Structures are given as C-alpha cells and as structure tokens.
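One-letter residues, chain by chain:
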Amino acid sequence: MPLTTDDINRAAQRLHQAERSRIQIRQLSQEHPAINIADAYAIQKSWIDIKLAEGSIIKGHKIGLTSRAMQSALNIDEPDSGVLLDDMFFADGGLVPSERFIATRVEAELAFVMKSRLSGPDCTLFDVLNATDFVVPALEILDTRIQRVDPQTKSTRKIFDTIADNAANAGIVIGGRPLRPLDADLRWIGALCYRNGQLEETGLAAGVLNHPATGVAWLANKIAPQGLALEPGQVVLAGSFIRPIETRKGDTIQADYGPYGSVSCYFA
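Right, let's walk through the structure included here. (Residues numbered from 1 in each chain as written. Predicted model: local features only at pLDDT ≥ 70, side-chain atom pairs only at ≥ 80, totals over all residues. Heavy atoms only, no water.)

Considering the packing of aromatic side chains
A ring pair, where both rings are aromatic, is described by two values, the distance of the centres and the angle of the planes.
Inference 1: According to the stated counting rule, one finds two aromatic pairs in the structure shown.
Inference 2: Look at F90 and F101: their rings are 6.3 Å apart centre to centre, the planes differ by 70 degrees, and that puts the pair in the edge-to-face class. With F90 in strand β3 (residues 89-90) and F101 in the loop between β4 (95-96) and β5 (105-114), this residue pair connects regions lying eleven residues apart in the sequence. Here the two residues F90 and F101 agree in accessibility, since each one is buried.
Inference 3: Ring geometry for F241 against Y257: centres 6.3 Å apart, planes inclined by 85 degrees, an arrangement best described as edge-to-face. One end of the pair, F241, is in the loop between β10 (235-237) and β11 (245-246); the other, Y257, is in the loop between β12 (252-256) and β13 (262-267), and 16 residues separate them in sequence. Like Y257, F241 is buried. (Phe/Tyr/Trp six-rings, centres within 6.5 Å; stacked < 30°, edge-to-face > 60°. Helix = DSSP H or I, 4+ residues; strand = E, 2+ residues; numbered from the N terminus. Buried < 20%, exposed > 50% of the residue type's maximum accessible area, 1.4 Å probe, protein only.)

The structure is reproduced here in structure tokens:
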C-alpha cells in the first residue's frame, strides 16, 4: 500500500524537526517498507511546502545520483532531484556555520543559471544549452537528516530515504569564472578538490551522464507532468563528478577548476 497523506505529512514534519534539532531520524524505508519513489517525492514536496510557509524562497534545483556507479549501487536507472532554497546559498570563500548541520559532505559540480524558461517533455541537451545564461563552478554541501545506517538492522539508506531528504541537499557555494555554455566543451571541465590543502578528489564533468547538461534536460522532463519548469534566474546543480568529501568543523574545502577559477568555503 502506498503511503497515506497523513504518513507523508508526518514524515515531512519529522524531517523538518530533525534538521532543526540536528538529531537524525530512522530511515523511512525501514518504517514504511512499502514506500515508493512517488511517496518519497511527495514527502520532499511536503517538507519544502513547510519551509515555503515559513518564508523560504525557491532558487533552483539540484540533481543527484548522476553516475552509473551510484545508480547501480542503489539499483536505480535515473538520477534524483531536490530543491534549492534561498537560505542554502553561501558566499565563495565564506563561512559555513557547522552548527547548522548534522554530518556534512561536499561535492564538486557545475551550476547552470537559466536565461529562459525550460520545460519538458522532450527537452534535450541542446534545449538546455540554448536556455542557459551561464555555467559556473560550484560546491554542493550535503547533509543527512536520516540515519545513513540503521542501528537495528545495519541496513544502509535507500533511494527513497535520499529523495525524501531533499536529495541530501543542504547548501551551495558558487564561485570561479562564469562561462557561456557554448564557450567550452563542458564535458572536459574538471576539478581538483582539496581539504585543508590536501588533494582529496579529482573528476571531469563528463562523469555526469556524459554531459552535465543531460541531467538538466532530465530534470526539465521529470517535473513537466506537474506543470513545472526551470525558470529564468534559477540555479540548477547538474550533479557531482567526484565522490563526496567528508567535512568537519575547521575544514577548508577548495575546488580548483583550472582556467575556470576556484570555489571554496570554510566550515566554522
């Protein structure tokens, strides 16, 4: 049986409280074994609606699980997505308040800033490039309001848990040098990612579905049945091309994008 409306709203409230209290909740997939992808997105939407009612503003979207390795590990065949809100944006080189989060990790991505409305169905990579104002280096800050490993069963999180948890999104840092989407082969943009001056991860944007704009097209098509589109000025995180870097209070994270500059943050 799919989750009831009460189940969905109750789960959203628990996630909201977990974020505020910094106390994780049990995996929803453990408490609701029949949960499905639609239920998970319904919980995410309910949680975002709570935040909007409190005054938050939607500023864009994020795309996750874009690599074949991650999809295979979770037994899925498509990415997932979450919502970016105004209070998730942090300044390049600025401070990220550690006390706001539970267990942060950071990924390197490209962010697409939309120039014109982009809607599905049948949105293609070329439609994305035409609708994009510029592309800019970015860091995504991940957090988890749901336990990664269930203490009773030792089961790891499922895709349903991640989606309900706003695709694990918690923050975004934009920096470096913006570029027009046709001024470079976006597949070959790479990053060297450092924690406290030590190289931790490297990657190429081609790791995101062979081209980062492919994920943006997927998102436009995915949200079209709800009558939604990517709107002008919105920021879309296209998906990470490195493994997440664990961070602690006192860490400085920097991603060097070569000719496209660097982006960094400090966890205070």
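Regarding the sheet that holds strand β8 (residues 190-195)
Inference 1: Strands sit in the order β4-β13-β12-β8-β9 across an open sheet of five strands; the sheet is mixed. Two strands bound the open sheet, and with one partner strand each, they are β4 and β9 (198-204).
Inference 2: The pairing of β12 with β13 spans five bridges and is antiparallel. Each bridged residue has a counterpart across the sheet, and for T252 the counterpart in β13 is Y266. (Pairing = 2+ DSSP bridges.)

Looking at the environment of S119
Inference 1: Along the polypeptide, S119 turns up in the loop between β5 and α5 (125-131).
Inference 2: C-alpha separation for the pair S119 and A217, spaced 98 residues apart in sequence, amounts to 8.6 Å.
Inference 3: Look past the residues within four positions of S119 in its chain and what remains in contact with it is A220 and A229. (Contact = heavy atoms within 4.5 Å.)

So, the side chain of T162
Inference 1: Within the secondary structure layout, T162 lies in helix α6 (residues 159-164).
Inference 2: By relative accessible area, which is 13% here, T162 ends up buried.

Some details on the pairing of β9
Inference 1: Pairing of β8 with β9, which is carried by six bridges, proceeds in the antiparallel orientation. Directly across from Y194, in β9, lies its bridge partner L199.
Inference 2: Between β8 and β9, which pair antiparallel in sequence order, lie two residues; one of them, N196, sits at a positive phi of approximately 55 degrees.

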